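Summary of the model geometry
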Amino acid sequence: MSEPAGSVSEAAATAEPPVMTARFKGLRPQLFGLLLRGYVLLVPTLGIYRFWLITQKRRYYWSRTRLGDDALEYTGTATEILFGFLVAIAIFVPFYMFFFYIGTQTPTVALIGLVAALLALFLLSGFALFRSRRYRLTRTLWRGIRFHQTGSAWAYAFMRLGWYLLTALTLGLTFPFMAASLFRYRYNNTWYGDRQVSFDGSWKQLAGPFYGVWALLAVLVAASIAAFVDAFGGAIAGLTVSSLTVLVGLAAIPYISARERTRFTSRIRIGDAPVSLHIRARALIGMYLVYALVLLAVALVAATAVAYVVSGSFAISTDFGVDFGAILSAFEQSSWLTVAAFAAAYLLAIATLAMVAELFIGLTFWRMVVTRLKIANPESLDTVRARGERAPAIGEGLADALGSGGY
Amino acid sequence: MPPVAGRFYDGKTSRVHAVEVEVTGAGVEGGFVFIREREGGRELARWARSELVLVPGDPAALRLGSQLADPAARLVVEAPEAVAALREALPGLTAIRRRHRARQVRFITASTAALAAVIAAFVFGVPLIARQVVAIIPPPWEADMGERIHAQVEEIFAGGGTLARCDSNPRSPGNRAIAKFVKRTLGPEGSPFEVRVDVVRSDVPNAFALPGGRAYYFSALLETSDDPNAFAGVLAHELGHIVNRHGMEHAIATAGTGLLVGMVLGDVTGLSVGAIVGQGLVNSHFSRDAERAADEFAIAAARRLDFDITALGKVLEAIAADTAMDRSMSLLATHPLTEERTELLASADTGRGDAFTPAEWRAIRGMCHGSKTKIK
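A quick note: this is a predicted structure, and the numbers were derived from the prediction, not measured.

Description of the overall build of chain A
- For chain A, the helix and strand inventory stands at 13 helices and 10 strands.
- Taking the contacts inside chain A whose residues are at least 6 apart along the sequence as the reference set, 74% of them involve residues at least 24 apart.
- Carbon and sulfur atoms provide 73% of the accessible area of chain A, an area that totals close to 20,400 Å².

Below you can see the structure in the form of structure tokens.
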């Protein structure tokens, strides 16, 4: 829709319809500082601080994000999500007891019970995701107007469960239908003040890229099976084709995800303001590569540190005539110390992984979406009237309990 | 203060008002913040300085609301000089921030203290409660559960098959000698369950009891000592677990502590490594008491049957002398050998005789010298 670069006339520039762009001015070192402080405070507060950390993180992302000239504001509080979590615990106690009970059953019964419980958990996580989205939308202000969400979380949860089962049964063939259906339900129920968001896309937006990749993967899988089975192919050919299959499969996920976000988001309108988004598949793949490299670097540093500490301890123990084996065994015999050391190492590892993911996937992706978002006909957004309650009064506890919290 | 430029949202419509902001009044909280349209000067809002709300977010900008206005109404000032000027004109903002912060710190402290109290209640209360709960669970239920756990154990240790019993004939001399010892050890009171001891082939020196009366004795442990009393001592210890229903007690305590750890880590399903490790942390306190009780049972049995219990301590020490790697999989992993335990066993004033006759002991020692292959 933009004029060729050669057109210099003022008139052409002003005739071009105004488009609102978005910006993100968050910086990785700032977010790192926030996360580091938060993870350290988790220890003395026995984990309670995570509700404050989530809130601060969201506040960070929201307040550094601008649509046009106005920043988003996150109005949620840590106490809301803390109370939400307490409510979620009450919901989970029966589940927990069921898990415990089936653990004592015969392997067959335990397996059936486990599958049933996992299905129920999946259903519940759909419910939690929808409710959590509602919470975040109702806690988001732009130009003093709240977003909100209508629709039923249970309807969404059942829809999601049904679609996932169907997609699993059809070996993924119904994926574009599922993606469009769930996206439509989420966005058609989204409101900015009195403006309803509408989605007029369908599975067709995703059909080309998805079925292309699906067919390619099917051919590759068939080829690698054939190469392994067939004598003429041989193991080398089989390995080559199957590693190619894995590579294509890995690249397919960000590729489809980029197409899905780009094409679906570009079919939504906020009231009368059409939204467009363009995310490149290669940018997403690059993001995952950077993430993998950073993880590798962190793992190397950690391994070096561990090796250094262990060899250092051995050196010290031989220098001073101390039997390191005896110390180790004394340490091992104190079950409290051993378990505490394991717990500390585990928590450290988990915190590091979460931080790397937040800094190199969370932040990168947020910035990518925000900087590539455009809203046409922005003046229609000047007359939006406030609507929608601040409800729910308590935060997305269930999502936290299910570990699907996110932003 | 000269008026500064800002943006104002009234919270009712999305219109952005370009405004001029003026602060009146003296002192920390007296006076008002006037918000006027830049073009035309119409007054949009007049917020009392004592009712201002400081919205947290980007520290480079100043975002204000009022407790008396629409909760979504905002005054936003972003130009650095304007932010500095307004901050200077509104010294009360620092106090607002400090009050908010102090409130949060108090809340976090109180929640942490509450959580610590809950944890303490669990750590000390759960074993007590588990004891009471076990007392009301009918033994047949426990035996039933034991059978299912037995099926799972077979799956874990024998990889889907069954554990290789050294001698599956219950009427063989070895098994009869063990049955006789079990009967004598349990004494006239007997056990709430039908006790069944299996000697199975394994390279791991271990012995353990399940809820509901089953006990396993691994061949590698049997090979470690030539002393019949070592075998008898370990067996009596495991019988102590069965009679005291420690397995069931442990299962109940685990369920309780698992819920607690889920609360702390935010993973209520208890499926993560963190939840499992955390449970271990809480449960180690509990298992120590159980080990002492089982040792005391073994000592009492040794007094009654007149055999030497110090051999049990020697078996534990012999295993402790193995490498750390092996140890982590052995008896010690579940039966931590503390000095307290060794002392208790060494100083126990029991008999000096043997638990088995030489013929019985030969039969037991010979149980695992059959032709079956060892499982790893």
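Further notes follow.
Some details on the sheet that holds strand S7 (residues 74-77) of chain B
Residues and elements named next belong to chain B.
- One open sheet holds the 7 strands; their spatial order is S4-S3-S2-S1-S7-S6-S5, and the pairing between them is antiparallel. This sheet does not close on itself; its edge strands, each paired only once, are strand S4 (43-48) and strand S5 (52-54). Across this sheet, the average inter-strand angle for adjacent strands is 30°, counted without regard to direction.
- Pairing analysis gives 5 bridges linking strand S2 (residues 17-23) to strand S3 (residues 32-37), with the strands arranged antiparallel. Paired with Glu22 across the bridge in S3 is Phe34.
- Together, strand S1 (4-9), S2, strand S6 (62-66) and S7 form the strand contacts of helix H1 (residues 80-89), whose direction differs from that of S1 by roughly 85°.

What to know about unusual backbone geometry
Residues and elements named next belong to chain B.
- Positive phi, close to 55°, is recorded for Arg245, a residue that is not glycine.
- You will see that Asp306, though not glycine, has its phi angle at about 60°, which is positive.
- Within the secondary structure, Asp306 sits in the loop between helix H8 (273-305) and helix H9 (310-320).
- Owing to a relative accessible area of 43%, Asp306 belongs among the partly exposed residues under this scheme.

Structural notes on the confidence of the model for chain A
- For chain A, the mean per-residue pLDDT works out to 83, and 81% of the residues sit at or above 70.
- By mean pLDDT, helix H1 (residues 10-15) of chain A is the weakest element of chain A at 49, and helix H7 (residues 175-188) of chain A is the strongest at 97.

About the cut-offs
- Each chain carries its own residue numbering, running from 1 in the written order of its sequence.
- Chains and ligands are labelled by the order in which they are written, letters from A for the one and numbers from 1 for the other.
- Side-chain atom pairs in this predicted model are given and counted only at pLDDT of 80 or more, local residue features only at pLDDT of at least 70, and totals for whole chains, interfaces and linings cover all residues.
- Heavy atoms from the whole structure form the basis of all side-chain values; hydrogens and water molecules are not counted.
- Going along the chain from the N terminus, every DSSP run of H or I of four or more residues is numbered as a helix, and every run of E of two or more is numbered as a strand.
- Contact criterion: two residues are considered in contact whenever any of their non-hydrogen atoms come within 4.5 Å of each other.
- Areas reported here follow the Shrake-Rupley algorithm with a probe of radius 1.4 Å; residue values treat only the protein chains shown as occluding.
- By the convention used here, strands pair only if DSSP detects at least 2 bridges between them.
- Working convention: axes come from line fits to C-alpha atoms, limited for helices to the stretch in contact. Angles between N-to-C directions cover 0 to 180 degrees.
- Type-normalised accessible area, obtained with a 1.4 Å probe on protein chains alone, sets the label of each residue: buried when under 20%, exposed when over 50%, and partly exposed for intermediate values.
- pLDDT expresses how confident the predictor is about each individual residue, on a scale running from 0 to 100.

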